[in-house]
Amino acid sequence: MPHLTDEQLYQQIVLQDKEALEELYDRYERILFSFILRFTKDEGLTEEVMQDLFMKLWQGKAHYQTNKGKLSSWLLTIARNAAIDQIRKKKVTEVEFQERDAEPDLEIPEDVLVLKEESMIVQNALILLPKEQQHVVKLFYFDGEPQSSIAKICKIPLGTVKGRLRLALNQLRKTLSRKGERGDIYYE
């Protein structure tokens with residue numbers, strides 16, 4: 001199969017091309033597995049989430065829209081949501097984090113490297129937020145806690161949680177847009 005863009009692969013998957021699904025899986029398996037494992041802290045559960053994610057793609061239950069952003073970002077979003085859903089279903093208890101495929105892959109696709117670079121840029125932007133906003137963002141986006149749980153954990157009203165998230169996202173958007181103006185990666 002000639003080298004296709006992610007979007008071209010997705011279009012082939014919609015047409016039930018098994019080779020395109022395999023190619024997309026090969027491109028994103030490692031990064032998605034590591035990303036999901038951060039949420040589940042369980043390799044078996046992570047494998048279930050991965051299988052569900054790619055089955056949804058194959059069966060046409062997940063629809064990507066090119067005008068909404070990059071396919072890689074969309075995959076990470078649905079992976080996060082699927083992981084949170086599985087955690088809630090299984091009521092997973094804390095398990096020691098294990099790094100999978102810790103050895104660097106010398107054949108990492110360019111998109112994966114871009115994702116890693118973008119992740120570092122976002123992490124650096126997060127550091128600029130006030131501590132209270134950082135904590136709420138971490139709980140919501142990285143730990144998958146619902147806003148009502150965050151209110152209980154932080155012992156603050158639900159409206160305050162929502163306000164901090166909104167302020168944090170606005171500040172991140174401004175910070176990342178400024179980076180784009182300086183010639184770095186631009187985010188909308």
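Residues numbered from 1 in each chain as written. Predicted model: local features only at pLDDT ≥ 70, side-chain atom pairs only at ≥ 80, totals over all residues. Heavy atoms only, no water.

Looking at this structure, I do not really get the pattern of salt bridges. What am I missing?
Side chains bearing opposite charge may pair, as long as their charged atoms lie close to each other. Under the defined criterion, the tally for this structure stands at three salt bridges. Across the pair Asp6 and Arg27 runs a salt bridge, and its minimum N-O distance is 2.7 Å. Remark: Arg27 occurs in helix α2 (residues 18-40) and Asp6 occurs in helix α1 (residues 6-14); sequence separation between them is 21 residues. Here the residues in one salt-bridge network are Asp6, Glu23 and Arg27, joined through shared partners. (Salt bridge = Lys/Arg side-chain N within 4 Å of Asp/Glu carboxyl O. Helix = DSSP H or I, 4+ residues; strand = E, 2+ residues; numbered from the N terminus.)

Could you clarify how one ought to interpret α2 in this entry?
For an α-helix, the turn length of 3.6 residues means that residues three or four places apart are oriented alike. In a regular helix each residue adds 1.5 Å, so 23 residues correspond to 33 Å; α2 covers only 28 Å between its end C-alpha atoms and thus falls short of that length. For α2, the principal kink sits at Tyr28 and spans about 55 degrees. Structurally, the start of α2 carries an N-cap: the backbone nitrogen of Glu19 is 2.9 Å from a side-chain oxygen of Asp17. Note on α2: the residue one or two positions beyond its end, Lys41, has a positive phi of about 55 degrees. (Expected span 1.5 Å × (residues − 1). Bend = angle between axes of the 7 residues up to and from the residue. Polar contact = N/O pair within 3.5 Å; in protein donor to acceptor, adjacent residues only side chain to side chain.)

Interpretation note: all reported values are geometric properties and have no functional meaning in isolation.
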